[in-house]
Amino acid sequence: MSSSTLRPEEQDRLQEQDVARRLLDSSAKLSYDPATEVDWDTPLDKGFHGASPEWSTLYGTAYWRELSDAQRKELTRQEAASVASTGIWFEMILQQMVLRDIYTKDPTDAEFQWALTEIADECRHSIMFARGAAKLGAPAYKPRRGVIELGRAFKTLAFGEAAYAAILVAEEVLDVMQRDWMRDERVVPFVRTINNIHVVEESRHMKFARDETRKRLRHAGPVRRQLNALVIAVASYFIVTSMVNPGVYANAGLDTKRALTEAATNEHHRSLMRSSCAGLMEFLSSARLLTKPALFFYKRANLI
């Protein structure tokens with residue numbers, strides 16, 4: 001049957017299958033094994049940052065200017081470890097949502113197989129982040145108890161576009177900062193390798209999440225769209241605001257109270273977050289997910 005005689009829904013289905021097959025091909029050709037690609041054996045060189053210093057929550061503040069070079073480097077190492085720990089927490093939510101989504105689907109389907117491939121990628125990423133945080137000399141940073149419980153509810157109840165768009169928000173924010181870190185020679189080499197692996201492999205995941213979000217919204221009515229726009233925004237707020245645990249300051253030898261006060265009003269960091277999310281916000285707008293209630297949470301998280 002020629003494509004011209006197919007119904008629109010059949011054409012959409014063929015296109016979705018084609019995207020999934022191309023993602024599978026890309027994964028087969030360009031994937032990494034962090035166990036062998038990352039230099040885990042060389043001792044940590046404390047002469048390097050853990051992340052680009054411009055991404056530090058204190059960069060540009062009066063407190064930052066008072067810190068010694070060694071203190072700044074220790075702070076960025078702790079902040080990078082905290083971001084990695086938050087990434088693990090959300091990737092575990094992601095894996096459960098994707099598994100639930102494909103639970104009863106056809107395993108011979110290319111989309112089913114790609115979903116399992118994505119889950120396998122996320123498992124490797126989580127182990128990679130865990131080993132990286134440990135090598136940076138950081139404790140196991142976790143979101144606040146209330147945020148953990150909200151995450152538990154979200155992974156249980158979120159479906160369709162709410163699940164995939166929230167995945168996209170988390171991955172897009174990580175992607176932008178990690179692209180900077182992986183190119184920055186001031187960052188410790190093994191962290192740059194971790195960031196490069198994550199950026200390359202997550203590019204496929206983000207394409208899939210964008211396509212799934214558009215697909216799930218195709219026939220969504222106004223009530224469903226409004227509700228899920230709010231759910232996505234609330235989830236995004238808690239993900240982004242959990243990236244840097246307050247404990248990083250004490251573990252870097254800083255005055256936590258002062259650090260939190262200055263970080264909360266750091267316009268440089270706010271501006272960096274907003275500019276890095278311009279493409280993401282453009283996508284959410286095109287999907288009509290930037291409703292007024294949603295915008296409130298994106299603004300509070302300094303994403304817009």
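Since we're looking at a predicted model, the values are computed, not measured. (Residues numbered from 1 in each chain as written. Predicted model: local features only at pLDDT ≥ 70, side-chain atom pairs only at ≥ 80, totals over all residues. Heavy atoms only, no water.)

Draft legend 1. Layout of unusual backbone geometry. Phi angles above zero are rare outside glycine, and Arg288 is one such case at about 55 degrees. Structurally, Arg288 is set in the loop between α13 (278–286) and α14 (292–300). The exposed category is assigned to Arg288, whose relative accessible area is 55%. Although it is not a glycine, Asn302 adopts a positive phi angle of roughly 60 degrees. (Helix = DSSP H or I, 4+ residues; strand = E, 2+ residues; numbered from the N terminus. Buried < 20%, exposed > 50% of the residue type's maximum accessible area, 1.4 Å probe, protein only.)

Draft legend 2. Spatial organisation of the nonpolar core. Formed by 89 residues in total, the largest nonpolar core has its most connected members in Leu75 and Leu303. Setting aside anything within four residues of it in sequence, one finds Leu75 in contact with Ser56, Leu58, Trp64, Leu67, Val248, Tyr249, Ala252 and Leu254. (Core = buried A, V, L, I, M, F, W, Y, C linked by side-chain atoms within 4.5 Å. Contact = heavy atoms within 4.5 Å.)

Draft legend 3. Broad picture of the packing of helix α4 (residues 69–102) against helix α5 (residues 110–135). Packing of α4 against α5 leaves a shortest axis separation of 9 Å and a crossing angle of 160 degrees. Between α4 and α5, the crossing angle belongs to the class labelled roughly antiparallel. Every pair of crossing elements has a handedness; the one defined by α4 and α5 is left-handed. Every residue of α5 that contacts α4 at Ala81, Ala84, Ser85, Gly87, Ile88, Glu91, Leu94, Gln95, Val98, Leu99 and Ile102 is listed here: Phe112, Ala115, Leu116, Glu118, Ile119, Glu122, Cys123, His125, Ser126, Phe129, Ala130 and Ala133. Each residue belonging to the contact of α4 with α5 can be placed in one class, and the counts come to 15 nonpolar, 5 polar and 3 charged. (Axes fitted to C-alpha atoms, helices over the stretch in contact; angles between N-to-C directions. Parallel < 35°, antiparallel > 145°, perpendicular 65-115°, else oblique. Left-handed = near helix turned anticlockwise from the far one by under 90°. Nonpolar A, V, L, I, M, F, W, Y, C, P; charged D, E, K, R; others polar.)

Draft legend 4. A look at the pattern of salt bridges. Counted by the stated rule, this structure contains 23 salt bridges. The closest approach of N and O atoms between Lys207 and Asp211, which form a salt bridge, is 3.5 Å. Of this pair, Lys207 and Asp211 are both found in helix α8 (residues 189–217), 4 residues apart, which corresponds to roughly one turn of the helix. The exposure class of Lys207 is partly exposed, given its relative accessible area of 34%. Its relative accessible area of 23% is what places Asp211 among the partly exposed residues. As a salt-bridge pair, Arg274 and Glu267 come within 2.5 Å of each other at their nearest N and O atoms. Shared partners join several salt bridges into a network, and the residues in it are Asp101, Lys105, Glu111, Glu212, Lys215 and Arg216. (Salt bridge = Lys/Arg side-chain N within 4 Å of Asp/Glu carboxyl O.)

Draft legend 5. Examining helix α6 (residues 145–157) more closely. Over its 13 residues, α6 runs 19 Å from end to end, which matches the ideal 18 Å to within 8%, given 1.5 Å per residue. Within the span of α6, buried status applies to Val147, Ile148, Gly151, Phe154 and Lys155. The arc enclosing the buried residues of α6, seen along the axis, measures out at 120 degrees, which places them on a common side. Within α6, the exposed residues directed more than 90 degrees away from the buried face are Arg145 and Leu157. In this fold, the buried residues of α6 make contact with α4, α7 (160–183) and α9 (222–241). (Expected span 1.5 Å × (residues − 1). Arc of directions from axis to C-beta.)

Treat this as a map of the structure, not an account of what it does.
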